[in-house]
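Single-letter residue listing:
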Amino acid sequence: RSISIQGGFPTGGGTRDFVNNITILNGEIQDLYEAYHVMVIYGTNATVSIDGFQFTNGFADGTGSVDLGSVTMARNVGAALYIRDAANVNIKNCVFYTNVSSNVGGAIYANNSNLRLENCVFVNNTSGNNAGAIYLNNLGTAIITNCTLYNNLRLGGGEAVYNTTGTTLTMKNSIIWGNTVAFGGGGNRNVSYSLLPNGNINNNNLDTDPCFNSVNNLFGTDGKWFTQDDGLNLSRSSPAINRGSNDLTPNISQDITRMPRKFNHQIDIGAYEKQLLPSLPDLSFRSINLDSTDTYVYDGVTAFTVDQACRVIALIEPMDATSTRG
């Protein structure tokens, strides 16, 4: 059995388009009144799929708990999404921002559940104790693929993702940056082809600034998520471009903006796939004999076809002000 919840349909029905038919699940019921949890999933063996939503303004600051019959739900965890005793929850193409819990799991709290996240963004979520973004508890599992987590904090510092002893977290082709630390808790973690502080280079991880478009303008100039000008998309000089693993994402054909994945030879790290071809060189830098060749350079081996009189073998030019010239 399966349950699918999809955002992006126009009013009255029609063709689904979560980029232009914006679907926001907003916990702010009215000024100064927010829901403890924006969405709750519990007690199900069904596969639950959630696709194309924005989760914001959940405010889990309550006391005590709510009896849901088969489970008891605390009111101070999982402000955007509370998950408990759920066999399989698949979340893709979603943005979680400005959600707050007074205890753990500013955006997501998952207890005894199996969670998959793909093409998702977590930004500016906060918890009072552990896990500004995601808290994984009680034998649960989480597989995080091509996601971007930025500036998710617990008050006074702390980690973006926390998984307790007995849980297993797998992260691949993802960015986790701008948080006090990336991880906390005593659970198992397998992180590969990702960009994060103190990345283990033996797993092909990076530890360097991802060079986002603009962390000060998350919505971009068009004022909406899911487009190429989003602030957490990669800039032209990002080290995350073409640095993911194609083998780890064989079934992902689009990024969070619905643009093709694996643009150029190799997939990018994070929720966004930069749609970028190298620019042509400035011909004023050709050799005195005006001999030149134009070739796009990708990872691996690139051959240059030149004649024997060529003076300049290669010219590497910056694509923005943060790059250097070679």
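Data block above holds the structure.
Here's what I pulled together on the structure shown here.

**Points about the overall build of the chain**
And step 1. Scanning the chain from terminus to terminus reveals 0 helices and 25 strands.
And step 2. For the chain, the proportion of its 326 residues judged to be buried stands at 44%.
And step 3. The contacts in the chain between residues at least 6 apart in sequence include a share of 63% that link residues at least 24 apart.
And step 4. Only carbon and sulfur atoms are counted for the fraction: they give 48% of the accessible area of the chain, which is about 15300 Å².

**So, the pattern of salt bridges**
And step 1. As enumerated under the stated definition, the model contains 4 salt bridges in all.
And step 2. Here Glu159 ties to Arg154 by a salt bridge, and the two come within 3.8 Å at their closest N and O atoms.
And step 3. The exposure class assigned to Glu159 is buried, which follows from its relative accessible area of 5%.
And step 4. With a shortest N-O distance of 2.9 Å, Glu273 and Arg261 are connected by a salt bridge.

**Digging into the side chain of Thr227**
And step 1. On the secondary structure map, Thr227 appears in the segment after strand S25 (188-192).
And step 2. In contact with Thr227, other than residues within four places in its own chain, are Val19, Asp222, Thr257 and Tyr272.

**What about the sheet that holds strand S2 (residues 24-26)?**
And step 1. Judged by pairing direction, the sheet is parallel, and its 6 strands sit side by side in the order S2-S6-S11-S15-S19-S23 without closing on themselves. The outermost strands of the open sheet, each flanked by one partner alone, are S2 and strand S23 (175-177). Here the average twist between neighbouring strands, direction ignored, is 10°.
And step 2. Of the strand pairs in this sheet, strand S11 (residues 95-97) and strand S15 (residues 121-123) are connected by 3 bridges, and their pairing is parallel. Across the sheet, the residue bridging to Tyr97 is Val123, located in S15.

**Re the sheet that holds strand S16 (residues 126-127)**
And step 1. In space, the 4 strands of this open sheet follow the order S7-S12-S16-S20, with parallel pairing throughout. With partners counted over all chains shown, the strands left at the sheet margins are strand S7 (59-60) and strand S20 (153-154), one partner each.

What counts and how
- Residues numbered from 1 in each chain as written.
- Predicted model: local features only at pLDDT ≥ 70, side-chain atom pairs only at ≥ 80, totals over all residues.
- Heavy atoms only, no water.
- Helix = DSSP H or I, 4+ residues; strand = E, 2+ residues; numbered from the N terminus.
- Buried < 20%, exposed > 50% of the residue type's maximum accessible area, 1.4 Å probe, protein only.
- Contact = heavy atoms within 4.5 Å.
- Areas by Shrake-Rupley, 256 points an atom, 1.4 Å probe, with all protein chains shown as cover.
- Salt bridge = Lys/Arg side-chain N within 4 Å of Asp/Glu carboxyl O.
- Pairing = 2+ DSSP bridges.
- Axes fitted to C-alpha atoms, helices over the stretch in contact; angles between N-to-C directions.

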